[in-house]
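Spelled out, the chains give:
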Amino acid sequence: MSGVEHGRPPHIVVLAGGVGGSRFTRGLLHHLRTEWPASGAAGSAESVPGSGTTASVTVVANTGDDLWLAGLRVCPDLDSIMYALGDAADEQRGWGRRDESERVSAELTAYGVGWPWFTLGDLDLGTHIARSSWLRDGLPLSEATRRLCARWRPGVTLIPATDDEVPTLVTVADGDAPDGTRQLHFEEWWVRHRAALPALAFTQDGVADARPAPGVLEAIADADLVLFAPSNPVVSIGTILGIPGIAEAVRRTAAPVIAVSPIIGGSVVRGMADACLHAIGVETSAVAVAEHYGARGSGPSGEVHGAGPGGGLIDGWLVDPADAAAAPRLEEAGIRPLVRPLWFHSVEETAAIAADAIALAESVTAGSVARR
Ligand code: FO1
């Protein structure tokens, strides 16, 4: 890390959804392996087995996509990150396992069990069965995730935002319904309808009673840097921040908070975040999303400046040159912009983005992100 002086290896927390989150985190790890390599020599052991670096990364993952299907607990974003960092992912689809087959899924469809349009691959089912078995034994999702990661060694500490079930429900128009609307689980809206049904609202069902999973608040409070991956600001980053306590922890951490725009030139990098942003009245632009997250309160009373889910949350914002015109407006809003190419097609390109996010953090704190 290019800090003024190299302190101890940093602890970095990443808030992430599935596909964008796993690709960004893979780049971050690649960068940290060059800046903070773990060597066999004693004293510079890997922070997390398989990480290859003495720096440590905690990924807090969205669980709003999670659902019970065919009696199994399916956790799309946790699994996308685990498989991608564990080198087991189907890179084309961005979800599920490489070299997958679908024999059991065909049987489930023949029985009318599950969703025929939501494919549970044979290898992927192994993950869902193992997780469901541990959940049935009374273990929390965070422990089941730890056990799954013991096999895949993703090189990060992967923690669900919450151990509670808080499904994201999408409200859509329905002429046959008494009040003219109905609610779908996010995955039905996203996969069956390809987000083509205009979303009137997103609801985190049961969120008021949810708590952050063990370790989430501590990781954020103790972090040297908090990063928002270029994930969906509404149903991935937004749903993590919607878990009571997490937005507050982000606003109050001593660490710089840097976010990477998931919007480039007015269009979403991947997925259908524009359909989500429209539903909450946020323009699909890099500057609108930054203002949605809001500048972190820095006044004497820590007053909140932003209009985001928890008020002001970020200190810095990486925008693509296509959105460079937005930079002055961000600066005025109290968010330090960094203009740099954000399209990434290789782990090296993503690593360079992560390196710039760290450099921006250091400029925001006018010091080194390495542990002081
Ligand atoms: N996405 C699809 O477009 N089609 C599918 O059949 C599908 C199945 C599936 C099974 C397990 C899983 O973990 C993810 C799956 N996804 C599928 C992707 C999923 O919609 C996304 O990973 C996120 O939920 C949206 O970001």
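These notes cover the structure that comes with them. This one's a predicted model, so the numbers in the text were calculated from it and none came from an experiment.

1. Notes on the site of the ligand
All residues in the neighbourhood of the ligand are listed as Asp65, Pro76, Asp77, Trp95, Trp117, Phe118, Thr119, Asp124, Glu187, Trp190, Val191 and Arg194. A distance of 2.9 Å separates an oxygen atom of the ligand from a polar atom in the side chain of arginine 194. Ranked by residue count, the leading element in the shell around the ligand is helix 6 (residues 186-192), at three residues. Split into classes, the residues belonging to the shell around the ligand amount to six nonpolar, one polar and five charged.

2. What to know about the side chain of arginine 73
Examined against the element boundaries, arginine 73 turns out to sit in strand 4 (residues 72-74). With sequence-adjacent residues up to four places away left out, arginine 73 is seen in contact with Asp66, Leu67, Trp68, His128, Arg131, Ser132, Leu135 and Glu165.

3. Considering the nonpolar core
For soluble globular proteins, the rule of thumb is that nonpolar side chains tend to be buried together. Within the largest apolar cluster, 66 residues are counted, with the highest numbers of intra-cluster contacts made by Trp189, Phe228, Leu241, Ile314 and Trp317. A per-element tally of this core places helix 11 (residues 286-293) first, with six residues. Shared between two domains, this core takes at least three residues from each, and those domains are domain 1 (2-63 + 209-371) and domain 2 (67-158). Val14, Leu227, Ile358 and Leu360 belong to the second largest nonpolar core, which has 46 residues in total.

4. Side note on the pattern of salt bridges
Per the stated rule, a full pass over the model turns up 17 salt bridges. Of the charged contacts, one joins glutamate 102 and arginine 93 as a salt bridge, the two residues approaching to 3.9 Å between their closest N and O atoms. Between arginine 251 and glutamate 248 there is a salt bridge, and its shortest N-O distance comes to 2.7 Å. Taken as a pair, arginine 251 and glutamate 248 lie in helix 9 (residues 246-252) at a separation of three residues, close to a single helical turn. Judged by relative accessible area, glutamate 248 falls into the partly exposed class, the value being 33%.

5. Topic: the sheet that holds strand 8 (residues 199-204)
One open sheet holds the three strands; their spatial order is 7-6-8, and the pairing between them is antiparallel. Both edges of this open sheet fall to strand 7 (181-185) and strand 8, since each of them pairs with a single strand only. Here the strands of the sheet are splayed against their neighbours by 30 degrees on average, with no regard to which way each runs. Relative to strand 7, strand 6 (residues 168-173) runs antiparallel, the two sharing five bridges. If you follow valine 172 over to strand 7, its bridge partner there is arginine 182.

6. As for the packing of aromatic side chains
Taken as a whole and judged by the stated rule, the model has 10 aromatic pairs. For the pair tryptophan 189 and phenylalanine 202, a centre-to-centre distance of 5.4 Å together with 80 degrees between the ring planes defines the contact as edge-to-face. Of this pair, tryptophan 189 sits in helix 6 while phenylalanine 202 sits in strand 8, and the two are 13 residues apart along the sequence. Looking at phenylalanine 202, the relative accessible area reads 19%, which means it is buried.

7. Quick notes on the pairing of strand 9 (residues 225-228)
Here strand 9 shows no split at all, with Leu225 and Leu227 on one side and Val226 and Phe228 on the other all buried. One ladder, built from four bridges, connects strand 1 (residues 11-16) with strand 9; its direction is parallel. Residue pairing for strand 9: valine 14 is matched across the bridge by leucine 227. Pairing of strand 9 with strand 10 (residues 257-260), which is carried by three bridges, proceeds in the parallel orientation. The residue bridging leucine 227 from the neighbouring strand is isoleucine 258, located in strand 10.

8. Concerning the sheet that holds strand 10
Ordered by their spatial adjacency, seven strands build an open sheet running 5-2-1-9-10-13-14, and the pairing between neighbours is parallel. With partners counted over all chains shown, the strands left at the sheet margins are strand 5 (157-160) and strand 14 (336-339), one partner each. Geometrically, the sheet is characterised by an average inter-axis angle of 20 degrees between neighbouring strands, direction not taken into account. Bridge count for strand 13 (residues 316-319) against strand 14 is four bridges, and the pairing is parallel. Each bridged residue has a counterpart across the sheet, and for tryptophan 317 the counterpart in strand 14 is proline 337. Here helix 1 (residues 19-35) sits on the sheet in contact with strand 1, strand 2 (56-61), strand 9 and strand 10, set at roughly 165 degrees to strand 1. Across the sheet, helix 11 is in contact with strand 9, strand 10 and strand 13; its angle to strand 13 comes to roughly 160 degrees.

9. Description of unusual backbone geometry
Positive phi is not limited to glycine here, since alanine 70 has a value of about 55 degrees. Relative to the helices and strands, alanine 70 resides in the loop between strand 3 (67-69) and strand 4. On the accessibility criterion, alanine 70 (32% relative accessible area) is partly exposed. The phi torsion at arginine 153 lies on the positive side, around 45 degrees, for a residue other than glycine. Inspection of the secondary structure assignment puts arginine 153 in the loop between helix 5 (141-152) and strand 5.

10. Quick look at the packing of helix 4 (residues 122-136) against helix 5
Contact pair helix 4 / helix 5: the axes reach a minimum separation of 9 Å and the direction vectors enclose 135 degrees. Considering their axes alone, helix 4 and helix 5 lie oblique with respect to each other. Here the hand of the crossing between helix 4 and helix 5 comes out right-handed. Of the residues in helix 5, those in contact with Thr127, Ala130, Arg131, Trp134 and Leu135 of helix 4 are Leu141, Ala144, Arg147 and Leu148.

Calculation notes
- Residues numbered from 1 in each chain as written.
- Predicted model: local features only at pLDDT ≥ 70, side-chain atom pairs only at ≥ 80, totals over all residues.
- Heavy atoms only, no water.
- Near = heavy atom within 4 Å.
- Polar contact = N/O pair within 3.5 Å; in protein donor to acceptor, adjacent residues only side chain to side chain.
- Helix = DSSP H or I, 4+ residues; strand = E, 2+ residues; numbered from the N terminus.
- Nonpolar A, V, L, I, M, F, W, Y, C, P; charged D, E, K, R; others polar.
- Contact = heavy atoms within 4.5 Å.
- Core = buried A, V, L, I, M, F, W, Y, C linked by side-chain atoms within 4.5 Å.
- Buried < 20%, exposed > 50% of the residue type's maximum accessible area, 1.4 Å probe, protein only.
- Domains from an automatic or database assignment.
- Salt bridge = Lys/Arg side-chain N within 4 Å of Asp/Glu carboxyl O.
- Pairing = 2+ DSSP bridges.
- Axes fitted to C-alpha atoms, helices over the stretch in contact; angles between N-to-C directions.
- Phe/Tyr/Trp six-rings, centres within 6.5 Å; stacked < 30°, edge-to-face > 60°.
- Parallel < 35°, antiparallel > 145°, perpendicular 65-115°, else oblique.
- Left-handed = near helix turned anticlockwise from the far one by under 90°.

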